[in-house]
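In case you want the letters, here they are:
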Amino acid sequence: MGKNNNNCPTHESNYHILNNRCIFVEKSSRTYENAKQNCKAKFGGNGKLFEPLTWSENKKAYKLSGSINLWIGVNDKRTDRTYVYESTGKPISFTPKFYSGYGSRGTSYDCILYQPASNGDVVHWLDYSCTSPFYSICEKYKET
């Protein structure tokens, strides 16, 4: 194992290194809140839903995930159409691409879900109901 892998158990299935971050693809269906709690526990209290820092990183994570529907750590719970990171509440730093008709869907759709893209891109986002059960993608908090 390399030095900069945050002790990521990549020998176990569903664990991967992405841009020096340890991620885990959870293949059991959970609501957004339950997925969030599961991610925290998955890394011994130091986990969170995956928060892509760029659209490029977003696409890489999606490819590692096996191209399925997954919760990520982004939402617009506070203000519709203002997408923020779950862990900090700060706005995302890039412009996402939404599946046609599934961006900014109003107050009952507040959590972001990965959706396979069919137009040559690899992934789209869905603004979706947080109480729907889906797989999720987690990451380990950076140790400071």
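Presented here is an overview of the structure given in this document. (Residues numbered from 1 in each chain as written. Predicted model: local features only at pLDDT ≥ 70, side-chain atom pairs only at ≥ 80, totals over all residues. Heavy atoms only, no water.)

What follows covers helix α1 (residues 32–42). An α-helix turns once every 3.6 residues. As a result, residues three or four positions apart point the same way. Within α1 the residues assigned to the buried category are Y32, A35, N38 and C39. Down the axis of α1, the buried set is contained in an arc of 120°. They therefore lie on one face. Check the buried side of α1 and you find it contacts β2 (21–30), β3 (47–49), β4 (70–75), β6 (111–116) and β8 (134–140). Of the residues flanking the end of α1, it is G44, one or two places downstream, whose phi is positive at about 60°. (Buried < 20%, exposed > 50% of the residue type's maximum accessible area, 1.4 Å probe, protein only. Helix = DSSP H or I, 4+ residues; strand = E, 2+ residues; numbered from the N terminus. Arc of directions from axis to C-beta. Contact = heavy atoms within 4.5 Å.)

Moving on to the layout of surface pockets. If a probe as big as a water molecule is rolled over the atoms, it shows which places are left empty. One number sums up the size of the largest pocket: a volume of about 160 Å³. In terms of lining, the largest pocket is formed by N75, D76, K77, R78, T79, T82, V84, Y85, E86 and G89. Residues of the lining of the largest pocket, tallied by class, amount to two nonpolar, four polar and four charged. (1 Å grid on protein atoms, 1.4 Å probe; cavity = no way out; pocket = protein on both sides within 12 Å on 5 of 7 lines; lining within 4 Å. Points joined across faces, edges and corners; volume = space filled by probe spheres on them. Nonpolar A, V, L, I, M, F, W, Y, C, P; charged D, E, K, R; others polar.)

Enumeration according to the criterion identifies twelve aromatic pairs in this entry. Ring geometry for Y15 versus F43: centroids 6.0 Å apart, planes at 85°, classification edge-to-face. On the criterion of sequence distance, the pair formed by Y15 in strand β1 (residues 15–18) and F43 in the loop between α1 and β3 is long-range, its members being 28 residues apart. Judged on exposure class, the residue Y15 and its partner F43 are both buried. Consider the rings of Y32 and W71, whose centres lie 5.5 Å apart with planes at 90°: the pair is edge-to-face. Residue Y32 is located in helix α1, and its partner W71 is located in strand β4; the two are separated by 39 residues in the primary sequence. On the accessibility criterion, Y32 (0% relative accessible area) is buried. On the accessibility criterion, W71 (0% relative accessible area) is buried. Site record: aromatic cluster; members linked through ring pairs are Y32, W71, Y109, Y128 and F134. (Phe/Tyr/Trp six-rings, centres within 6.5 Å; stacked < 30°, edge-to-face > 60°.)

In short, shape yes, function no, at least from these values alone.
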